[in-house]
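For reference, the chains in residue letters:
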Amino acid sequence: KELTPASKLRKLYEKQADIISIPCYVDDANAIRMLIIKMFTEHNYQYDPEIPDYLAQQFSGNRLIIKNEIEKLLIYCHKNKHISMEDIANISTSLRESNFQEIANNIANLNLNASIKSISNHLNQKIPAVTIIRVITNYFQRLRYIKNLIDQNQYFDEICKSLRPPLFFKQKSLTQNHLQYWPYKHLNIFLEKLEKIEIIFKSSNHLPDTQILLDTISKIIYAQQKRNNL
């Protein structure tokens, strides 16, 4: 979640006469998808139709990271000028290790050990904690959106057809399972906590202890496990 006009932190900085506030916006999944298509097109690469949607769900809104990873993919596929899902599955570790969806899936599955391991692995690869928080937030915002429509008696399959970007076909069944563990109210609680720790990381004058992120995720998963009697 971004700093809204009602945000206390935003108001504090905007009121300071000696500080200039510059708006910055994180790309959503659709904007990332369009960026990926643009890079493929500019370099005259063909690609399987599901690839832009799939890749858009793997990356955060950090354009520098996205461009670096797509450039690696282009180099890997330069001989045939065609990118397939098999290429993405076989590409070197950096693209696979940037699979942030694994983190969100582990948390949504209430798998505590796997969640901590996957977050720690990304932190050890020098992935910024804010980037990881943003990826988790993006997925849980999507879960909340879907859950809200389901609570209004809309069907999951119909909701999926309207999503932009659409769910990758392998993610669809996982998402449906995740919704069983997370009532709308609890999705709100989790997203509020993510917002608070994101502010901590963004506003600190020194590098915050990443243990804050790990502890928050652990407590949330443990509490949700108890609510679901797991």
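Each value, and the rule that gives it
Residues numbered from 1 in each chain as written. Predicted model: local features only at pLDDT ≥ 70, side-chain atom pairs only at ≥ 80, totals over all residues. Heavy atoms only, no water. Helix = DSSP H or I, 4+ residues; strand = E, 2+ residues; numbered from the N terminus. Buried < 20%, exposed > 50% of the residue type's maximum accessible area, 1.4 Å probe, protein only. Areas by Shrake-Rupley, 256 points an atom, 1.4 Å probe, with all protein chains shown as cover. Axes fitted to C-alpha atoms, helices over the stretch in contact; angles between N-to-C directions. Left-handed = near helix turned anticlockwise from the far one by under 90°. Contact = heavy atoms within 4.5 Å. Nonpolar A, V, L, I, M, F, W, Y, C, P; charged D, E, K, R; others polar. Patch = residues over 30% accessible without salt bridge, like charges linked within 9 Å, V, L, I, M, F, W, Y side chains within 5 Å. Salt bridge = Lys/Arg side-chain N within 4 Å of Asp/Glu carboxyl O.

K.L.:
When you look at the overall build of the protein in this model, what are you seeing that I'm missing?
P.N.:
Summing up its helical and strand segments, the protein has 13 helices and two strands in all. A burial count over the protein gives 43% of its 230 residues as buried. When the accessible surface of the protein is split by element, carbon and sulfur atoms take 51% of a total near 13,300 Å².

K.L.:
Even after reading the chapter, I still don't get the environment of glutamine 141, so can you show me in this structure?
P.N.:
The residue glutamine 141 is located in helix α9 (residues 129-151) in this model. For the pair glutamine 141 and asparagine 188, spaced 47 residues apart in sequence, the C-alpha to C-alpha distance is 8.7 Å.

K.L.:
When you look at the packing of helix α2 (residues 29-42) against helix α4 (residues 63-76) in this model, what are you seeing that I'm missing?
P.N.:
Describing two packed helices takes the angle between their axes plus the distance from one axis to the other. Following both chains from N to C, one finds α2 and α4 inclined at 35°, their axes separated by 11 Å at the closest point. Here the hand of the crossing between α2 and α4 comes out right-handed. Two secondary-structure elements touch here, α2 through Ile32, Leu35, Ile36, Met39 and Phe40 and α4 through Arg63, Ile66, Lys67, Ile70, Glu71, Leu73 and Leu74. Residues of the contact of α2 with α4, tallied by class, amount to nine nonpolar, no polar and three charged.

K.L.:
Any chance you could explain a nonpolar patch on the surface here in plain terms?
P.N.:
Taken together, the side chains of Leu12, Tyr13 and Ile19 define a hydrophobic patch exposed on the protein surface, amounting to about 260 Å² of accessible area. Structurally, the position occupied by leucine 12 is in helix α1 (residues 8-14). The class for leucine 12 is partly exposed, based on a relative accessible area of 48%.

Remember, this is a structural readout, not a statement about activity or role.
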